[in-house]
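Working through the structure, step by step
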Amino acid sequence: MHIHFIVHEHFEAPGAYESWANKRGHTITYSRVYQGESLPKNIEDLDFLIVMGGPQDPATTIEQCPHFDTKGEQEVILNSITAGKVVLGICLGSQLIGEALGAAFESSPEREIGKYPITLTEAGMTHPLFSHFGKVLDVGHWHNDMPGLTNGAQVIAYSAGCPRQIVAYRNLVYGFQCHMEFTKDIVALLIENDDLSDALQYRFVDEPEVLLNHNYDEMNQKLYGFLDKLESFYKSEK
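Residues numbered from 1 in each chain as written. Predicted model: local features only at pLDDT ≥ 70, side-chain atom pairs only at ≥ 80, totals over all residues. Heavy atoms only, no water.

Turning to its location among the elements, E181 is positioned in the loop between β9 (173-176) and α5 (184-192). For the buried E181, no salt bridge exists, and the shortest N-O distance to an oppositely charged side chain is 13 Å, to K115. Within polar-contact distance, the side chain of E181 engages the side chain of H179 at 2.7 Å. The residues touching E181, leaving out its near neighbours within four places in the chain, are A13, P14, G15, A16, Y17, M52, I90, I186, N220 and L223. (Helix = DSSP H or I, 4+ residues; strand = E, 2+ residues; numbered from the N terminus. Buried < 20%, exposed > 50% of the residue type's maximum accessible area, 1.4 Å probe, protein only. Lys, Arg positive; Asp, Glu negative; His and termini not counted. Salt bridge = Lys/Arg side-chain N within 4 Å of Asp/Glu carboxyl O. Polar contact = N/O pair within 3.5 Å; in protein donor to acceptor, adjacent residues only side chain to side chain. Contact = heavy atoms within 4.5 Å.)

With that settled, consider the nonpolar core. The biggest cluster of nonpolar side chains holds 51 residues, and the ones touching the most others in it are F48, L88, F130, F176 and F226. For this core, the element with the highest residue contribution is helix α7 (residues 217-237), accounting for seven residues. Counting 19 residues, the second largest nonpolar core, distinct from the first, contains V51, C65, F68 and A100. (Core = buried A, V, L, I, M, F, W, Y, C linked by side-chain atoms within 4.5 Å.)

Roughly 310 Å³ of volume is contained in the largest pocket. Along its surface, the largest pocket is lined by 18 residues, and G54, P55, W142, H143 and N144 are the ones closest to its centre. Put simply, the parts of the chain that give the lining of the largest pocket at least two residues each are α3 (92-100), β5 (106-120) and β6 (136-146). Considering each element in turn, the lining of the largest pocket owes the most residues, four residues, to β6. The class makeup of the residues in the lining of the largest pocket is seven nonpolar, six polar and five charged. (1 Å grid on protein atoms, 1.4 Å probe; cavity = no way out; pocket = protein on both sides within 12 Å on 5 of 7 lines; lining within 4 Å. Points joined across faces, edges and corners; volume = space filled by probe spheres on them. Nonpolar A, V, L, I, M, F, W, Y, C, P; charged D, E, K, R; others polar.)

Cross-referencing UniProt, the feature "domain: Glutamine amidotransferase" (unreviewed entry) maps to residues 40-183 in the present numbering. Secondary structure over residues 40-183 splits into 19% helix and 35% strand, and the C-alpha atoms at its two ends are 27 Å apart. (UniProt positions renumbered as here; feature names shortened; annotations may be inferred.)

Turning our eyes to something else, we now look at the packing of helix α2 (residues 70-82) against α3. Between two packed helices, what matters for the description is the angle formed by their axes and the separation of those axes. Packing of α2 against α3 leaves a shortest axis separation of 9 Å and a crossing angle of 75°. Taken together, the axis directions place α2 and α3 in an arrangement best described as roughly perpendicular. Here T70, E73, Q74, I77 and L78 of α2 lie close against α3, whose contacting residues are L96, I97, E99 and A100. Taken together, the residues that form the contact of α2 with α3 break down as five nonpolar, two polar and two charged. (Axes fitted to C-alpha atoms, helices over the stretch in contact; angles between N-to-C directions. Parallel < 35°, antiparallel > 145°, perpendicular 65-115°, else oblique.)

Buried residues of α5: I186, V187, L190 and I191, and no others. Taken around the axis of α5, the buried residues stretch over an arc of 140°, which confines them to a single face. Opposite the buried face of α5, by more than 90 degrees, sit the exposed residues D185 and E192. Taken together, the buried residues of α5 touch β6 and α6 (208-213). (Arc of directions from axis to C-beta.)

With that out of the way, let us pick up the pattern of salt bridges. Considering all chains together, one arrives at six salt bridges under this definition. R24 serves as the salt-bridge partner of D228, at 2.8 Å between the closest nitrogen and oxygen. Residue D228 is found in helix α7, and its partner R24 is found in the loop between α1 (16-23) and β2 (27-32); the two are separated by 204 residues along the sequence. The partner of K235 in a salt bridge is E231, with the nearest N and O atoms 2.8 Å apart. Of this pair, K235 and E231 both sit in helix α7, separated by four residues, roughly a single helical turn. Take K235: its relative accessible area is 47%, and that puts it in the partly exposed class. The class of E231 is buried, set by a relative accessible area of 9%.

Mapped onto the elements of the fold, H214 is located in the loop between α6 and α7. You can call H214 buried: its relative accessible area is 17%. The spatial distance from the C-alpha of H214 to the C-alpha of I191 is 14 Å, given a sequence separation of 23 residues. Not counting the four nearest positions on each side in its chain, H214 is found in contact with K115, K184 and D206. Within the local environment of H214, its side chain forms a polar contact with the side chain of D206, the two groups lying 2.8 Å apart.

Below you can see the structure in the form of structure tokens.
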């Protein structure tokens, strides 16, 4: 299996997605666009395309952020979907999937930064890739926006602050507004690169010391289970 990551910033690292790929012995390549690395020109050899988060949004222009090419990324996403690859988007990545499929991103009703529960919908509870999540699962969050919904998209999970936490766009295409890949090291990097001085003004924003004291192991393990199931399904479809 060949996993390719599009990474927008060093502090929006692949975390548990990367750990899973390493543990399973998959080959990994990267487009670290913040370092000037190019987007993949040939997707034939890719099995999973995983598009990470970032402080940008899908409307961010080249003038605003020279290393972020929203149209270019959406083209890679759409080509990968058309080619029958697994496509996963996390936070910004989930919004880019929606945009690539014609559904505009939107502002989330609430800003969420921390570890808060998501609740699975009926579609989520009966979906074979998410059956091991249970009805409620505590996961990581760090966002202001949320992905758009296409016709036929299924909301798998929601939170008190955001109605679109996990979206199934196609059988091999999923958007995660939440951050199940978080580790304490990644959270520490995010804290260094964001301003949380106004955390107490928001219902769902943790202060830095709280963020660093969370345990992220359980959600990482649940993510591994999802990825294992998705890999098996992908192989059965080839």
